[in-house]
Amino acid sequence: TILLAVYHLTHEVKQCFTADTLNEYLTDIWNIFDMTVLFMTSIGCVMIVIQNIFSLNDSSFMNHLVGKWLAFNGLFFWLRLIAYLRPFRQLGALIRIIVQMIADCLAFLLVFMLALAGFAHAYFLASEGSDNDQGVVATFLSMYTFILGNFETEGYDFSLWLLFVFASFLLMIIMLNMLIALMADTYVKIQEAAEENAYLEWAKMMNEIDHVMGEDEVKKVMPNFLFIAADKKAQEDWDESSEKESEKEMKAKEKAAKKAKKPKSADLHQKVNTLVTLVEKLSCEISELKESKVE
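Residues numbered from 1 in each chain as written. Predicted model: local features only at pLDDT ≥ 70, side-chain atom pairs only at ≥ 80, totals over all residues. Heavy atoms only, no water.

K.L.:
Kindly report on the overall build of the chain, identifying the contributing residues and their values.
P.N.:
Summing up its helical and strand segments, the chain has 11 helices and 0 strands in all. Listing every helix and strand of the chain by position from the N terminus yields α-α-α-α-α-α-α-α-α-α-α. Burial analysis of the chain (295 residues in total) assigns 21% to the buried set. Sequence separation of 24 or more characterises 68% of the internal contacts of the chain that already satisfy a separation of 6 or more. Put simply, the chain shows about 22000 Å² of open surface, and 67% of that area lies on carbon and sulfur atoms. (Helix = DSSP H or I, 4+ residues; strand = E, 2+ residues; numbered from the N terminus. Buried < 20%, exposed > 50% of the residue type's maximum accessible area, 1.4 Å probe, protein only. Contact = heavy atoms within 4.5 Å. Areas by Shrake-Rupley, 256 points an atom, 1.4 Å probe, with all protein chains shown as cover.)

K.L.:
Tell me about the pattern of salt bridges, and please be specific about residues and values.
P.N.:
Opposite charge on two side chains allows them to pair when their charged atoms are near. Under the defined criterion, the tally for this structure stands at 1 salt bridge. Of the charged contacts in the structure, one is a salt bridge between D185 and K189, with a shortest N-O distance of 3.3 Å. Remark: K189 and D185 occur in helix α8 (residues 158-192); sequence separation between them is 4 residues, near one turn of the helix. By relative accessible area, which is 39% here, D185 ends up partly exposed. K189 sits in the exposed class, given a relative accessible area of 53%. (Salt bridge = Lys/Arg side-chain N within 4 Å of Asp/Glu carboxyl O.)

K.L.:
Tell me about the packing of helix α3 (residues 29-53) against helix α4 (residues 60-80), and name the residues and values.
P.N.:
Interhelical geometry of α3 versus α4 gives an angle of 155° and a closest axis separation of 9 Å. In terms of axis orientation, α3 runs roughly antiparallel to α4. For the element pair α3 and α4, the recorded crossing hand is left-handed. The segment α3 lies against α4, with W30, F33, D34, T36, V37, M40, T41, I43, G44, M47, I48 and Q51 engaging M62, N63, L65, V66, W69, L70, F72, N73, F76, F77, L79 and R80. (Axes fitted to C-alpha atoms, helices over the stretch in contact; angles between N-to-C directions. Parallel < 35°, antiparallel > 145°, perpendicular 65-115°, else oblique. Left-handed = near helix turned anticlockwise from the far one by under 90°.)

K.L.:
Break down α3 for me, citing the residues and quoting the values.
P.N.:
With 25 residues, α3 should cover 36 Å at 1.5 Å per step; its first-to-last C-alpha distance of 36 Å lies within 8% of that length. The set of residues buried in α3 consists of W30, N31, F33, D34, V37, L38, M40, T41, G44, C45, M47 and Q51. S55 occupies a position one or two residues after α3 and carries a positive phi of about 55°. (Expected span 1.5 Å × (residues − 1).)

K.L.:
Can you tell me about the nonpolar core, naming the residues and giving the values?
P.N.:
Y123, M143 and L171 are the most contacted members of the largest nonpolar core, which totals 19 residues. If you list the elements that add at least two residues to this core, you get α6 (106-126), α7 (136-147) and α8. Setting aside anything within four residues of it in sequence, one finds M143 in contact with L116, F119, A120, Y123, A167 and L171. (Core = buried A, V, L, I, M, F, W, Y, C linked by side-chain atoms within 4.5 Å.)

K.L.:
An account of the confidence of the model for the chain is needed here, citing residue identities and associated values.
P.N.:
Of the residues in the chain, 80% have a pLDDT of 70 or more, and the chain-wide mean is 77. Taken element by element, the chain is modelled with least confidence in helix α10 (residues 215-221), mean pLDDT 65, and with most confidence in α6, mean pLDDT 90. (pLDDT = per-residue confidence, 0-100.)

K.L.:
How would you sum up the packing of aromatic side chains? Please name residues and give values.
P.N.:
For the structure on display, the rule yields 8 aromatic pairs. Ring geometry for F33 against F76: centres 5.9 Å apart, planes inclined by 55°, an arrangement best described as tilted. Here the residue F33 occupies a position in helix α3, and F76 occupies one in helix α4, the gap between them amounting to 43 residues. F33 gets classed as buried once you look at its relative accessible area, which sits at 15%. Each ring, one from Y156 and one from W161, has its centre 5.6 Å from the other, and the planes form 75°; the classification is edge-to-face. We classify Y156 as buried; its relative accessible area is 18%. An aromatic cluster is defined as three or more aromatic residues linked by ring pairs; in this entry it consists of Y123, F146, Y156, W161 and F164. (Phe/Tyr/Trp six-rings, centres within 6.5 Å; stacked < 30°, edge-to-face > 60°.)

K.L.:
Account for a nonpolar patch on the surface, with residues named and values stated.
P.N.:
Taken together, F72, L75, L79, I82, L85, F88, L91, L94, I98, I102, L106 and L109 make up a surface patch of nonpolar side chains, about 1000 Å² in accessible area. Secondary-structure elements contributing two or more residues to the nonpolar patch are α4, α5 (89-104) and α6. Per element, the largest residue contribution to the nonpolar patch is 4 residues, and it comes from α5. (Patch = residues over 30% accessible without salt bridge, like charges linked within 9 Å, V, L, I, M, F, W, Y side chains within 5 Å.)

K.L.:
A description of α8 should follow, citing residues and the corresponding values.
P.N.:
Taking 1.5 Å of rise per residue, the 35 residues of α8 would be expected to cover 51 Å, and the 50 Å separating its terminal C-alpha atoms lies within 8% of that figure. Along α8, the residues that are buried comprise L160, L163, F164, A167, S168, L171, M175, L179, T186 and I190.

K.L.:
So what's going on with the side chain of T139? Which residues, and what values?
P.N.:
Note on placement: T139 falls in helix α7. For T139, a relative accessible area of 4% gives the class buried.

This is how it looks when you write it as structure tokens:
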């Protein structure tokens, strides 16, 4: 496991250095997941090795620590597997929606957490010395479960009931509905450009493979093709305009051909008329000669 983690870590470091900028590497959420999983896996393996070397298997603290660490490591590992579903068209669009929702809600979540911390602080001070007196962390967690619908109002006095009303109105009614509206807006935007987002995910994965394999290796494996992504409507407009231009060119050529043919037909008609005139003159002369012979 350690060797496998070191192998993948080497690829991530290589990808980091081959990226155009460090910011480009760090702004990709899947790169962050990769580094997090590899780091946590390496640390977890080291903790297990230390536990076995120093015979700490009977230590409840060490067992508890290793168990908790591996629990979060497994969570990040399974979340990282989602990235391998991106090449599929429908799943790629769905994953894109989830990632974009998280990105769009970061600013809102900051405001929400500040409001939640403010109400938790107010609850902590208002409940001091009463039956609802809790620690700081416990009060904050109680406020978090409060917005999920876990109401424990037993023993509330007037000040706690007043905070309860304010918190339910601001946190539950306004902010949670605002969060739903933000997510719905993001969903509509992504679904309107579902095909483009699928191509975007493919391009990102191709770029990632390109960085990991290196330019020389890519040239050996990949064919020398160039893929161009363009806006569909713009492409249709361009095709329509090109068709109109080609039709205009064809009409212009036909007109030029007709103009070129007209002089030739006029010359031929003139020559025919001249030939008819000559024939008439000859016939007149022949008739005159016949008359002269008869006399």
